[in-house]
Amino acid sequence: MHELSLVRSLLAQVNRIRSDRAGLAVDGVHVEVGPLSGVEPELLVSAFEQLAGDFGMTGTQLVIDEVPLMANCPSCGTVTVEPVRIRCPICGDDGVTIVSGDEVRLQSVTIQCPEPEEQAL
Ligand SMILES: [Zn+2]
């Protein structure tokens with residue numbers, strides 16, 4: 001399943017990020033999912049729940065941010081959101097390059113901070 005291998009590499013990426021903060025729990029993993037990524041957010045969540053334990057991240061929450069499709073027109077340089085039929089709405093060129101919306105990207109990782117100690121006055 002596409003989502004399982006995707007989540008596995010995502011978790012490995014998170015583990016590298018927190019390797020220098022050993023012992024601290026990861027609260028949340030934030031990812032951007034584009035409409036052309038071919039990823040079902042619900043499947044991504046269930047794959048995450050299934051695999052998080054293997055990476056020592058039981059209880060970590062996956063937060064998905066669904067980003068809009070954006071494309072760049074090579075003829076006039078317009079960057080557009082949600083182009084109809086992946087074509088530039090300004091000049092009609094259909095050779096646009098997708099700028100964003102075709103990927104799953106790790107956005108941020110929330111790592112638990114130790115409780116600040118109470119200070120006596
Ligand atoms: Zn154009």
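Just so we're clear, the structure is a prediction, and the values are computed from it rather than from any experiment. (Residues numbered from 1 in each chain as written. Predicted model: local features only at pLDDT ≥ 70, side-chain atom pairs only at ≥ 80, totals over all residues. Heavy atoms only, no water.)

### Here's the deal with the side chain of Glu3
(1) Moving on: Tracing the sequence through the fold places Glu3 in helix α1 (residues 2-17).
(2) Moving on: Of the side chains bearing the opposite charge, Arg8 lies closest to the buried Glu3, which forms no salt bridge; the N-O distance is 11 Å.
(3) Moving on: A polar contact of 3.1 Å, which involves the side chain of Glu3, links it to the backbone nitrogen of Glu40.
(4) Moving on: Excluding residues within four positions of it along the chain, Glu3 makes contact with Gly38, Val39, Glu40, Leu43, Leu44 and Ala47. (Helix = DSSP H or I, 4+ residues; strand = E, 2+ residues; numbered from the N terminus. Buried < 20%, exposed > 50% of the residue type's maximum accessible area, 1.4 Å probe, protein only. Lys, Arg positive; Asp, Glu negative; His and termini not counted. Salt bridge = Lys/Arg side-chain N within 4 Å of Asp/Glu carboxyl O. Polar contact = N/O pair within 3.5 Å; in protein donor to acceptor, adjacent residues only side chain to side chain. Contact = heavy atoms within 4.5 Å.)

### A short note on the nonpolar core
(1) Moving on: Among the nonpolar cores identified, the biggest contains 21 residues, and Val29, Val31 and Leu44 are the most heavily contacted of them.
(2) Moving on: For this core, the elements supplying multiple residues, two or more each, are α1, β1 (26-33), α2 (41-51) and β6 (104-111).
(3) Moving on: Considering each element in turn, this core owes the most residues, six residues, to α1. (Core = buried A, V, L, I, M, F, W, Y, C linked by side-chain atoms within 4.5 Å.)

### Quick look at the packing of α1 against α2
(1) Moving on: Running from amino to carboxyl end, α1 crosses α2 at an angle of 55°, the nearest separation of the two axes being 9 Å. Accordingly, the angle class assigned to the pair α1 and α2 is oblique. When the axes of α1 and α2 are compared, the crossing they make is right-handed. Residues Glu3, Leu4, Leu6, Val7, Arg8 and Leu11 of α1 form the contact with α2, whose own contacting residues are Leu43, Leu44, Ala47, Phe48, Gln50 and Leu51.
(2) Moving on: Per-class residue counts for the contact of α1 with α2 are nine nonpolar, one polar and two charged. (Axes fitted to C-alpha atoms, helices over the stretch in contact; angles between N-to-C directions. Parallel < 35°, antiparallel > 145°, perpendicular 65-115°, else oblique. Left-handed = near helix turned anticlockwise from the far one by under 90°. Nonpolar A, V, L, I, M, F, W, Y, C, P; charged D, E, K, R; others polar.)

### Topic: the coordination of the zinc ion
(1) Moving on: On the protein side, the zinc ion has Cys73 (SG), Cys76 (SG), Cys88 (SG) and Cys91 (SG) as donor atoms, found 2.3 to 2.4 Å from it.
(2) Moving on: For the zinc ion, the donor residues sit on a single chain with the sequence spacing C-x2-C-x11-C-x2-C. Separated by 15 residues along the polypeptide, Cys73 in the loop between β3 (70-72) and β4 (79-81) and Cys88 in the loop between β4 and β5 (97-100) bring together distant segments of the chain.
(3) Moving on: Looking at Cys73, the relative accessible area reads 2%, which means it is buried.
(4) Moving on: Residue classification places Cys88 among the buried positions, given a relative accessible area of 2%. (Donors = N, O, S within 2.8 Å, 3.2 Å for Na, K, Ca; no water.)

### What about α2?
(1) Moving on: Listed in full, the buried residues belonging to α2 are Pro41, Leu44, Ala47, Phe48 and Leu51. Along the long axis of α2, the arc covered by the buried residues comes to 120°, so they all point the same way. Exposed residues on α2 whose side chains face more than 90 degrees from its buried face are Glu42, Glu49 and Gln50.
(2) Moving on: Among the structural elements, α1, β1 and β2 (61-66) are those in contact with the buried residues of α2. (Arc of directions from axis to C-beta.)

Functional significance is not addressed by these values, which are geometric in nature.
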